[in-house]
Amino acid sequence: MEPIIKIENLVFAYAKGEGREAVRAVDGVSLAIERGSFTAILGKNGSGKSTLAKNLNGLLLPTEGVIYVNGYDTADDEHIWDVRQSAGMVFQNPDNQLVSAIVEDDVAFGPENLGIEPAEIRRRVDKALQDVNMGAYKNKPPHLLSGGQKQRVAIAGVVAMKPSCIIFDEPTAMLDPKGRSEIMSIIKELHAEGITVILITHFMEEAVEAERVIIMHDGRVFMDGTPQEVFSRQEKVLSVNLDIPLAVELADMLRERGIAVPENIIKTEEMVEYLCQYE
Amino acid sequence: MPTESLALDDVSFEIADGQMFGIIGHTGSGKSTLLQHLNGLLKPESGHIIIGDVDITEPDIAMTEIRKRIGLVFQYPEYQLFEETVAKDVAFGPRNLGLAEEEIQERVREAIELVGLDYETFKERSPFELSGGQKRRVAIAGVIAMRPEALILDEPTAGLDPKAHKDVLKMVEEVHRRTGNITILVSHNMADIARLCDRVLVIDSGRVVTVGTPKEVFSRRRELAEVGLDLPPVTQLTEALRQRGFQIDETILSVEEAAEQIAACLKARNTHNTQNVRRTEDK
């Protein structure tokens, strides 16, 4: 099957003030994102991961190279709405994403702009709010909600557009632990329903939930593989200023103490299971 | 107001000199309201807050008297940077205290160095050209330059990448060590709280749930769960093992300690098994 997103030699450069040399925030990235997959993108601040994300739905356009989303070139003006409808985006700060005074109006905003008929909008809004467990709040004003609840409404707004792919740009960075775990479980559910998920995050415990982990560094793909493949190479991960998951850190210390923990253990639950079965 | 509720209700606690003091509570627990009382932005309806020998809740106390004693670094403090240069931004607070120019400059230099930035390199730079982590340091320097007796940091690492997160905490520890002052750390990151703090206060619905050492506080699993707080990740892991029969200590707070005890436990079990096998063979 054709990948949902195809990036061919993407370069994104911007001028950092007048008369200065252009900075290549993304510098020669080629990737294919499979339909229905769950990819986490990691990288320290300034590694190019957010710039990459914003190129994926035409918010930014490539300086060089081409990106195809659902077969549409993101730089093709005629199809920009096809691109945006195929790949929805959820940002870090929920306060910057809500536009209406009532939750359900906010969720309806996207589909209304697509010119969808009212009965269908109603169905989509109800379904989307149900998907993020916010059905009970549909008549509430967003400003009375917690950060995690607002972020769920923002996600519902994207879900109501029926995108094939959702790009989450650090969606939990501003949330407390409860809000963070709510958002993660919704992301996992959306993925289970068949939506392609791209999750940009600083939290390694979130990245281990993905099927594929890509680490960006200096605008390039630095590592790309399953979470097991990536996180088992600790030295390399730490060398670009990222963390490793708790289970990987503990596994290493246990190995130093003569317990031969296999390298594919990267989640806390897996570690607990392994240790309980150890002989 | 149709319905009034108490944002803070009968809160009492003490912090000893030189302590790193943690405050934890979920969003809406009253944490922020408490902080705003500590630096005089809000006045209590009843009760007192005494810093050293000064009651900052006295009605006629000057704001500068409070500022000299308590420095509050808000969440995302870099949003409050506004001056043209780093040095000017850091000088803003001390200048408002009406200090002599020489004294101001000395404090600015000291504060910038304390947050781990080179004074000569950074003094003339625009704060807006700096990286996220550096901006945050400059904002913290602005509060440190007031030389407060107690420095409060509200989620100082929110939104930072892993490296910047570690660097900012290291800087906070260093400032705490060098000034010897009280540092109050508010955080959702239980691992950081467990590692850094001498004592921890848990707040919920405007009331103090408990105060104690990290070990004491994180041993109260049920109470913490009731107020929506997690254990540090490593403690969650070791608790899961304990429930499955591992003979390890309660409330393990560091990965090193966890590895040590788990390894010892597995080896003991192994020796035990080997002995059993031998015994069977002997028969």
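Residues numbered from 1 in each chain as written. Chains lettered and ligands numbered in written order. Predicted model: local features only at pLDDT ≥ 70, side-chain atom pairs only at ≥ 80, totals over all residues.

Moving on, we get to the overall build of chain A. Within chain A one finds eleven helices and ten strands. The C-alpha radius of gyration computed for chain A amounts to 20 Å, which stays within 12% of the reference 19 Å derived for 279 residues, consistent with globular compactness. Within chain A, the proportion of its 279 residues that are buried is 47%. Residue pairs at least 24 apart in sequence account for 62% of intrachain contacts in chain A once pairs closer than 6 positions are excluded. (Helix = DSSP H or I, 4+ residues; strand = E, 2+ residues; numbered from the N terminus. Rg over C-alpha atoms; globule rule 2.2 N^0.38 Å. Buried ≥ 20, exposed ≤ 12 C-beta atoms within 10 Å, placed from the backbone. Contact = placed C-beta atoms within 7 Å.)

The next point concerns the overall build of chain B. If you tally the helices and strands in chain B, you get twelve helices and eight strands. Each of the 283 residues in chain B was classed as buried or not, and the buried ones make up 38%. Within chain B, residue pairs in contact and separated by at least 24 positions form 63% of the contacts whose partners lie at least 6 positions apart.

Glancing now at the environment of Leu129(A). Residues and elements named next belong to chain A. Within the secondary structure, Leu129 sits in helix H4 (residues 118-131). According to the C-beta neighbour criterion, Leu129 is buried, with 24 such atoms within 10 Å. The sequence separation of Leu129 and Ile41 amounts to 88 residues, and the corresponding C-alpha distance is 27 Å.

Attention now goes to the sheet that holds strand S1 (residues 20-24) of chain B. Residue and element names in this part refer to chain B. Strands sit in the order S4-S5-S6-S1-S7-S8 across an open sheet of six strands; the sheet is mixed. The sheet is open, and its two borders are formed by strand S4 (70-73) and strand S8 (207-212), each paired with just one other strand. Sheet twist, expressed as the average angle between the axes of neighbouring strands with direction ignored, equals 20 degrees. In this sheet, strand S6 (residues 182-186) lies alongside strand S5 (residues 150-154) in parallel orientation, the contact comprising five bridges. In the sheet register, Ile152 faces S6, and the bridge partner there is Ile184. Taken strand by strand, helix H1 (residues 31-38) contacts S1, S4, S5, S6 and strand S7 (199-204), and its axis lies near 150 degrees from that of S5. (Pairing = 2+ DSSP bridges. Axes fitted to C-alpha atoms, helices over the stretch in contact; angles between N-to-C directions.)

Bringing helix H3 (residues 103-113) of chain A into the picture now. What sets the pattern is the α-helix's 3.6 residues per turn: residues three or four places apart point alike. Where H3(A) is concerned, the buried positions are Val103(A), Glu104(A), Asp106(A), Val107(A), Ala108(A), Gly110(A) and Pro111(A). Contact partners of the buried residues in H3(A): H4 and helix H5 (147-159) of chain A.

With that settled, the discussion passes to the sheet that holds strand S5 (residues 72-73) of chain A. Residues and elements named next belong to chain A. The antiparallel open sheet is built from four strands, whose spatial order is S2-S1-S4-S5. Every other strand in the sheet has two partners, leaving strand S2 (22-33) and S5 as the edge strands with one partner each. Pairing of strand S1 (residues 5-15) with strand S4 (residues 64-69) involves five bridges; the strand directions are antiparallel. Its bridge partner being in S4, Ile7 is matched across the sheet by Ile67. Strand contacts of helix H1 (residues 49-56): S1, S2 and S4, with the helix running at about 60 degrees to S2, the strand carrying the most contacts.

What follows deals with the nonpolar core. By size, the foremost hydrophobic cluster in this structure holds 150 residues, and its most contacted members are Ala156(A), Val90(B) and Ile152(B). When residues no more than four places from it in sequence are discounted, the contact partners of Ile152(B) are Leu35(B), Leu38(B), Asn39(B), Ile70(B), Gly71(B), Leu72(B), Val73(B) and Ile184(B). (Core = buried A, V, L, I, M, F, W, Y, C linked by C-beta atoms within 7 Å.)

In this complex, chain A contributes 29 residues to the contact, which on the side of chain B involves 28 residues. Elements that contribute at least two residues to the side of chain A that touches chain B include exactly helix H6 (177-192), helix H10 (246-256) and helix H11 (268-277) of chain A. Tallied by class, the residues present in the side of chain A that touches chain B amount to 14 nonpolar, eight polar and seven charged. (Nonpolar A, V, L, I, M, F, W, Y, C, P; charged D, E, K, R; others polar.)

The subject of this paragraph is the domain arrangement of chain B. Reports of interface size often rely on the accessible area that becomes lost once the parts have come together. All names here are of chain B. As far as domains go, chain B holds domain 1 (20-228) and domain 2 (241-282). Look at where the C-alpha atoms of domain 1 and domain 2 centre, and you get two points 42 Å apart. At the junction of the two partners, domain 1 supplies six residues and domain 2 supplies four residues. At the level of secondary structure, the elements contributing two or more residues to the side of domain 1 that touches domain 2 comprise helix H8 (190-196) and helix H9 (214-218). For the side of domain 1 that touches domain 2, the per-class residue count stands at three nonpolar, one polar and two charged. (Domains from an automatic or database assignment.)

This part takes up the packing of H11(A) against helix H11 (residues 233-243) of chain B. Packing of H11(A) against H11(B) brings their axes to within 10 Å, and their N-to-C directions diverge by 30 degrees. Judged on the interaxial angle alone, H11(B) and H11(A) are roughly parallel. When you trace H11(A) past H11(B), the crossing you get is right-handed. Two secondary-structure elements touch here, H11(A) through Thr268(A), Met271(A), Val272(A) and Leu275(A) and H11(B) through Pro233(B), Gln236(B), Leu237(B), Ala240(B) and Leu241(B). A class-by-class count of the residues in the contact of H11(A) with H11(B) yields seven nonpolar, two polar and no charged. (Parallel < 35°, antiparallel > 145°, perpendicular 65-115°, else oblique. Left-handed = near helix turned anticlockwise from the far one by under 90°.)

What follows covers the pairing of strand S3 (residues 38-42) of chain A. Within a regular beta strand, the side chains point alternately toward one face of the sheet and then the other, so they alternate between its two faces. Residue and element names in this part refer to chain A. The buried count for S3 comes to five of five residues, which makes it a mostly enclosed element. In this structure, S3 lies alongside strand S8 (residues 196-200), joined through four bridges in parallel fashion. Bridge assignment links Thr39 to a residue of S8, and that residue is Ile198. Pairing between S3 and strand S9 (residues 212-217): four bridges, direction parallel. In the sheet register, Ala40 faces S9, and the bridge partner there is Val213.

Residues and elements named next belong to chain B. Put simply, helix H3 (residues 86-96) and helix H6 (residues 132-144) touch, their axes get as near as 7 Å, and they point 35 degrees apart. Here H3 and H6 pass one another in a crossing that is right-handed. Contacts from Val86, Asp89, Val90, Phe92 and Gly93 in H3 reach Val138, Ala141, Gly142 and Val143 in H6. For the contact of H3 with H6, a count of residues per class yields six nonpolar, two polar and one charged.

Residues and elements named next belong to chain A. Sheet analysis places S9 next to strand S10 (residues 220-225), joined by five bridges and oriented antiparallel. By the bridge assignment, Val213 is partnered in S10 with Gly225. In this antiparallel pair of consecutive strands, S9 and S10, the connection spans two residues, and Asp218 shows a positive phi of 50 degrees.

Here we take up H6(A). Residue and element names in this part refer to chain A. Its 16 residues give H6 an end-to-end C-alpha distance of 23 Å, which sits within 8% of 22 Å, the value for a rise of 1.5 Å per residue. Listed as buried for H6 are Gly179, Arg180, Glu182, Ile183, Met184, Ile186, Ile187 and Leu190. Where the residues of H6 are buried, they touch H5, strand S7 (165-169), S8 and helix H7 (204-207). Immediately beyond the C-terminal end of H6, within one or two residues, lies Gly194, with a positive phi of roughly 110 degrees. (Expected span 1.5 Å × (residues − 1).)

Only a minority of non-glycine residues have a phi that is not negative, and only a minority of peptide bonds are not trans. Backbone geometry places Lys162(A), a non-glycine residue, at a positive phi of 50 degrees. Tracing the sequence through the fold places Lys162(A) in the loop between H5 and S7.

Averaged over all residues, the pLDDT of chain B is 91; the fraction at 70 or higher stands at 95%. In the predicted complex, the global pTM is 0.87; the interface-specific ipTM is 0.84. (pLDDT = per-residue confidence, 0-100.)

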